[in-house]
Amino acid sequence: MLEQIDGLPPGALGFRAHGQVTAADYEQLLVPDVEAVLALNRKLRMLFVVEPDFTGFDAGAMWQDFMLGIRHISGWDRVALVTDVPWLRTATKATRFLVPADFRLFGLAEREAAAQWIAEPVDG
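Report on the accompanying structure. Given the structure is predicted, the values throughout are model-derived calculations rather than measurements.

1. Structural notes on the sheet that holds strand β1 (residues 2-4)
Right, so step 1: The mixed open sheet is built from five strands, whose spatial order is β1-β2-β4-β6-β7. Both edges of this open sheet fall to β1 and β7 (102-106), since each of them pairs with a single strand only. Neighbour-to-neighbour, the strand axes of this sheet turn through a mean angle of 20 degrees, independent of strand direction.
Right, so step 2: As paired strands, β1 and strand β2 (residues 12-17) are joined by three bridges and run antiparallel to one another.

So this is what it looks like as structure tokens:
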């Protein structure tokens, strides 16, 4: 299940993942929100928090995630993944070069730092 995180600045979205994340979660919440932000902004920042009760993504959710990334390959500015799930941290470290954005991995104890990083202005 996905739920939206409120209180982020314009151009930024946040989501919390609990239990099993499904294709329906992507279709009903994440994809429409991403599409709406990208319709108004050239770039998107995302905060994605994976809670301790997370059990995984179904195949449809993984496909939706891949397709969303491909559709908007140049639309990502910053992505913060917040998780303590060992296999997800390992997989992320191994594939982070595939994320076309400034990407950082945070632990759950660092979720406030991740939210601040998403909200801070870009230098230069």
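2. Examining the layout of surface pockets
Right, so step 1: Considered as a void within the structure, the largest pocket measures approximately 970 Å³ in volume.
Right, so step 2: Going through the elements one at a time, α1 (23-40), β4 (44-50), α2 (59-71), β6 (76-82) and α3 (86-95) are the ones with two or more residues in the lining of the largest pocket.
Right, so step 3: The greatest single-element share of the lining of the largest pocket, amounting to seven residues, is contributed by α2.

3. Topic: the pairing of β2
If a strand is regular, its side chains alternate between the two faces of the sheet.
Right, so step 1: Here β2 lies mainly inside the structure; five of its six residues are buried.
Right, so step 2: With six bridges connecting them, β2 and β4 associate as parallel partners. Bridging across to β4, Phe15 finds its partner in Phe48.

4. Structural notes on the packing of aromatic side chains
Right, so step 1: The final tally for this structure, using the stated rule, is five aromatic pairs.
Right, so step 2: Pairing Phe54 with Phe57 gives two aromatic rings, centres 5.1 Å apart and planes at 65 degrees, and the pair type is edge-to-face.
Right, so step 3: A residue is classified by how much of its surface remains accessible, and Phe57, at 22% relative accessible area, is partly exposed.
Right, so step 4: Here the aromatic cluster, defined as three or more aromatic residues joined through ring pairs, consists of Phe48, Phe54, Phe57 and Trp87.

5. Structural notes on the nonpolar core
General note: in soluble globular proteins, nonpolar side chains tend to be found buried as a group.
Right, so step 1: Grouped together as the largest cluster of nonpolar side chains are 25 residues, with contacts concentrated most on Leu2, Leu30, Val34, Leu44, Phe48 and Val50.
Right, so step 2: Broken down by secondary-structure element, the contributors of at least two residues to this core are β2, α1, β4, α2, β6 and β7.
Right, so step 3: At six residues, the largest contribution of residues to this core is made by α1.
Right, so step 4: Apart from residues lying up to four places away in sequence, Leu44 is in contact with Gly11, Leu13, Val34, Val37, Leu38, Gly75, Trp76, Asp77 and Arg78.
Right, so step 5: Grouped together as the second largest cluster of nonpolar side chains are 13 residues, Ala12, Leu47, Ala80 and Leu108 included.

Procedures and definitions
- Residues numbered from 1 in each chain as written.
- Predicted model: local features only at pLDDT ≥ 70, side-chain atom pairs only at ≥ 80, totals over all residues.
- Heavy atoms only, no water.
- Pairing = 2+ DSSP bridges.
- Helix = DSSP H or I, 4+ residues; strand = E, 2+ residues; numbered from the N terminus.
- Axes fitted to C-alpha atoms, helices over the stretch in contact; angles between N-to-C directions.
- 1 Å grid on protein atoms, 1.4 Å probe; cavity = no way out; pocket = protein on both sides within 12 Å on 5 of 7 lines; lining within 4 Å.
- Points joined across faces, edges and corners; volume = space filled by probe spheres on them.
- Buried < 20%, exposed > 50% of the residue type's maximum accessible area, 1.4 Å probe, protein only.
- Phe/Tyr/Trp six-rings, centres within 6.5 Å; stacked < 30°, edge-to-face > 60°.
- Core = buried A, V, L, I, M, F, W, Y, C linked by side-chain atoms within 4.5 Å.
- Contact = heavy atoms within 4.5 Å.

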